[in-house]
Amino acid sequence: MNAGANIAVFGAGAWGTALAILLARNGHQVRLWGRTPEKMARMQAERVNARYLPDAPFPESLVATANLEGALDDADLALIVVPSEGFRDFIRNLAPHLKPGMRIAWATKGLEVGTAKRADEIVDEELPGHPPPAVISGPTFAREVAAGLPTAVTVASEDCAFAEQLAEWLHGPTFRAYRVDDVVGVELGGALKNVLAIAAGIADGLHFGANTRAALITRGLAEIMRLGEHVGARRDTFMGLAGLGDLVLTCTDNQSRNRRFGLLLAEGKSREEAIAIIAQAIEGLPSAREAWRLSERHDVDMPIIQAVYQVLYEGLPAKAAVASLLNRHLRPERD
């Protein structure tokens, strides 16, 4: 697989579109797939995703389509960027159209509703025997990637050669990809940071200040590490782009939908009102319940995750959640 690849990108939201634009700018032939024919026809005609990235025109080598099978014609890579809640169903729909040995990767972040499974676990179940896939994660806002602002990500795969190839395809004048083989760690970092971003939004919306935000990020990272080590991830993965980098970005900038969701809750908006205002997928909302389930299943202490879960699903007032965290018994920081 060399430069100038044929790449199918599935998911025409902001992030999928930004990745499609990046890959096309890098000299690849890209088909961007979305499920609604009318919307994709409009994108193809207007040469822009007017809803999500109106200031990022499509390169000539990017084609927008609603034809799933056609998007895969001669593709070297299927890159999946659909919301986590629809990830398994999409894999099932895609499976009959995948040619033997076709490489797949995804840039979806989140845990499956009802099972708390990571995307790599879902792929293992739905595509048994398929070549090792890859995941793209890290501190990325779609608008900044589409604008060509400097960005770095992590590409994780058990197949080091495939990770290197994918990193080369992504690499451009303002975009850099680093390779790791810790898929579990990268997956968990990408999923759990969204939950902590909701917590950061709540704390900032309640005007608790910069000290609180810094403490929340640091102790939230400790919780991710505890769970990650328990399920086989490597601690150093969480100190990288897909861990600390993504966590800081999502907790501190209002481009984050999860952070904005927390801010709206702190303003007194109901969960449903906040969802309607943001009008895009809020991955941290379902992930909060699944992260809490993981902590219970593995008996791992994750008090911030638990507090977010209680605010979202048990009606605990946000101020009471913060008070419960501050009143916990003293403990060594390394715990």
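See the structure above.
The rules we used
- Residues numbered from 1 in each chain as written.
- Predicted model: local features only at pLDDT ≥ 70, side-chain atom pairs only at ≥ 80, totals over all residues.
- Heavy atoms only, no water.
- Helix = DSSP H or I, 4+ residues; strand = E, 2+ residues; numbered from the N terminus.
- Rg over C-alpha atoms; globule rule 2.2 N^0.38 Å.
- Buried < 20%, exposed > 50% of the residue type's maximum accessible area, 1.4 Å probe, protein only.
- Contact = heavy atoms within 4.5 Å.
- Areas by Shrake-Rupley, 256 points an atom, 1.4 Å probe, with all protein chains shown as cover.
- Core = buried A, V, L, I, M, F, W, Y, C linked by side-chain atoms within 4.5 Å.
- Phe/Tyr/Trp six-rings, centres within 6.5 Å; stacked < 30°, edge-to-face > 60°.
- Pairing = 2+ DSSP bridges.
- Salt bridge = Lys/Arg side-chain N within 4 Å of Asp/Glu carboxyl O.
- Axes fitted to C-alpha atoms, helices over the stretch in contact; angles between N-to-C directions.
- Arc of directions from axis to C-beta.
- Lys, Arg positive; Asp, Glu negative; His and termini not counted.

In this section: the overall build of the protein. A tally of regular secondary structure across the protein gives 15 helices and eight strands. Compactness check: the protein gives a C-alpha radius of gyration of 20 Å against a globular reference of 20 Å for 335 residues, within 12% of the reference. Each principal axis of the C-alpha atoms in the protein carries an extent, and together these give about 60 × 40 × 35 Å. Among the 335 residues that make up the protein, the fraction classed as buried is 53%. Contacts in the protein between residues far apart in sequence, at least 24 positions, make up 71% of those at least 6 positions apart. Accessible area for the protein stands at about 14600 Å²; split by element, carbon and sulfur atoms hold 50% of it.

On to the nonpolar core. If you look at the biggest cluster of nonpolar residues, it comprises 46 residues, and the most contacted ones within it are F261 and L312. Where this core is concerned, the elements lending two or more residues are α8 (183-205), α9 (209-230), α10 (241-252), α11 (257-266), α12 (271-278), α13 (284-297), α14 (303-313) and α15 (318-326). Counting residues per element, this core draws most heavily on α8, which supplies 12 residues. In this structure, I7, A18, L53 and V81 belong to the second largest nonpolar core, which totals 42 residues.

Under the definition given, this model contains six aromatic pairs. When the centroid spacing of 5.4 Å and the interplanar angle of 50° are considered together, the rings of F10 and F90 count as tilted. Placement of F10 in strand β1 (residues 6-10) and of F90 in helix α4 (residues 87-94) is noted, with a sequence separation of 80 residues between them. Put simply, the rings of F10, W33 and F90 touch in pairs and so form one group of aromatic residues.

A two-sided burial pattern is seen for strand β6 (residues 134-137), the buried positions comprising A134 and I136 on one face and V135 and S137 on the other. Across two bridges, strand β5 (residues 103-106) lies against β6 in parallel orientation. The partner of A105 across the bridge, within β6, is A134. The pairing of β6 with strand β7 (residues 151-156) spans three bridges and is antiparallel.

What follows deals with the pattern of salt bridges. Overall, the coordinates contain 18 salt bridges when judged by the stated rule. A salt bridge links E125 to K117; the shortest N-O distance between them is 2.4 Å. On the accessibility criterion, E125 (39% relative accessible area) is partly exposed. Relative accessible area serves as the criterion here: at 26%, K117 is assigned to the partly exposed category. When the shortest N-O distance is used, the salt bridge between R235 and E229 registers 3.2 Å. For R235, a relative accessible area of 30% puts it in the partly exposed group. Classification of E229 by relative accessible area gives partly exposed; the value is 38%. When salt bridges with common partners are traced through the structure, they connect R88, R92, E112, K117, E125 and E126 into a single cluster.

Turning to the environment of L264, a few remarks are in order. If you trace the backbone, L264 turns up in helix α11. Once you skip the residues sitting within four places of it in the chain, L264 turns out to touch K269, A274, I277 and I278.

Structurally, S295 can be placed in helix α13. Owing to a relative accessible area of 5%, S295 belongs among the buried residues under this scheme. Dropping the residues within four chain positions of it, S295 is found in contact with V300 and M302.

Strand order in the open sheet formed by eight strands is β3-β2-β1-β4-β5-β6-β7-β8, and the pairing between neighbours is mixed. A strand with exactly one partner marks an edge of an open sheet, and here the two such strands are β3 (62-65) and β8 (175-180). Neighbouring strand axes in the sheet, compared pairwise and without regard to direction, differ in orientation by 25° on average. Strand contacts of helix α1 (residues 14-25): β1, β2 (29-33), β3, β4 (77-80) and β8, with the helix running at about 170° to β2, the strand carrying the most contacts.

Before going further, it helps to examine helix α5 (residues 119-126). Within α5 the residues assigned to the buried category are A119, D120, I122 and V123. Down the axis of α5, the sector holding all buried residues measures 155°, keeping them to one side.

With respect to the helices and strands, the residue D182 is situated in the loop between β8 and α8. Buried and unpaired, D182 has no salt bridge, with R234 as the nearest side chain of opposite charge at 4.8 Å. Look past the residues within four positions of D182 in its chain and what remains in contact with it is A156, A233, R234 and T237.

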